Amino acid sequence: VRATGPGGRLLKEDVLRHVEEDQEGPTTPGSTQSSEPSPAPRTPGREEQLVPMSPLRRTIARRLVEAQQQAALLTTINEADMSAVLELRKELGEAFQEKHGAKLGFMSFFVKAAIDALKQVPQLNAEVRGTDILYRNYFDIGIAIGSGKGLVVPVLPNAERLSFSEIEKAIADFAARAQAHKLKPEELQGGTFTITNGGVYGSLLSTPIVNPPQSGVLGLHAIQDRPVALQGSVVIRPMMLSLIHISEPTRLR
């Protein structure tokens, strides 16, 4: 403490000045003493929250990364005229619901169409194992469903044996239990091919990721009225973009 009083006496002011200098830190050149910087003031409305991922979300993230790293993927996009399906649903929808207690949705049409296509192109219902391709004569179709914990893909086993009403009831049950987090682990395993419908979120085009070890995924999108050329005339049709994402080795015959 530096005394400034008469005759070298220590004054109250000397003590207060010394305490204040200690709190502010050294200001003399060459001093090596350091102090921790005070944290920056937090701006209102910019709060942060660190939340650990659930086991389900960690598994989803891991599998998506694996799909990108372990497969050479090819994408092809097509456009479908949905007029016939819309007319059929309009004509038979009410009677279908009265008879089966389920709505005649779009997914049953897509599942049936996908199975027919997979029979014609069996490489897409196959699995790459090392240098071999494992072909299957059954069709376990995964249906991508959004839940509060992320995207889940419950599987319709032997979907080729199911009727339209059985498919619609099973998907409705999957969706309800996905929201309630009551899907069973075994219902999320296996699958030979996946269908995902981004159209329910209004998506016009997306690039779904193959669910390994499957070889392909079909992405469906929003149906929109658009002008198209038909027999030399421009007409309005309900059109939908469909996309298939496949693992490149399955194209080898």
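Right above here is the structure, for reference.
Definitions and limits used
- All residue numbers refer to positions counted from 1 along the written sequence of the respective chain.
- The model is predicted, so local features are restricted to residues of pLDDT at least 70 and side-chain atom pairs to those at 80 or more, both for listing and for counting; the totals for chains, interfaces and linings are taken over all residues.
- To get the side-chain values, all heavy atoms of the structure are used, and hydrogens and water are removed first.
- The helix count covers DSSP runs of H or I at least four residues long, the strand count covers runs of E at least two residues long, and both are numbered beginning at the N terminus.
- In this scheme, a helix's expected span is set at 1.5 Å multiplied by one less than its residue total.
- Bend at a residue means the angle formed by two fitted axes: the first through the 7 residues ending at that position, the second through the 7 residues beginning there.
- Buried means the residue's accessible area, taken with a 1.4 Å probe over protein chains only, is under 20% of the maximum for its type, while exposed means over 50%, and partly exposed covers the values in between.
- Every residue pair with non-hydrogen atoms within 4.5 Å of one another is taken to be in contact.

Each full turn of the α-helix corresponds to 3.6 residues, which orients residues three or four apart in the same direction. For helix α3 (residues 83-100), built from 18 residues, the straight-helix expectation of 26 Å at 1.5 Å per residue is met to within 8% by its first-to-last C-alpha distance of 24 Å. Its maximal kink placed at L92, α3 deviates by approximately 55°. Three or more residues of α3 are buried, namely V85, G93 and F96. Taken together, the buried residues of α3 touch α4 (107-120) and α5 (164-179). Positive backbone phi, approximately 70°, marks G101, located one or two places after α3.

With that settled, the discussion passes to the environment of Q224. Within the fold, Q224 resides in strand β9 (residues 216-230). By relative accessible area, which is 35% here, Q224 ends up partly exposed. On a C-alpha basis, the gap between Q224 and P238 in space is 5.2 Å, while along the polypeptide they are 14 residues apart. Setting aside chain neighbours within four positions, we find Q224 in contact with L204, R237, P238 and M239.

Spatial relationships are all this shows, so hold off on functional conclusions.
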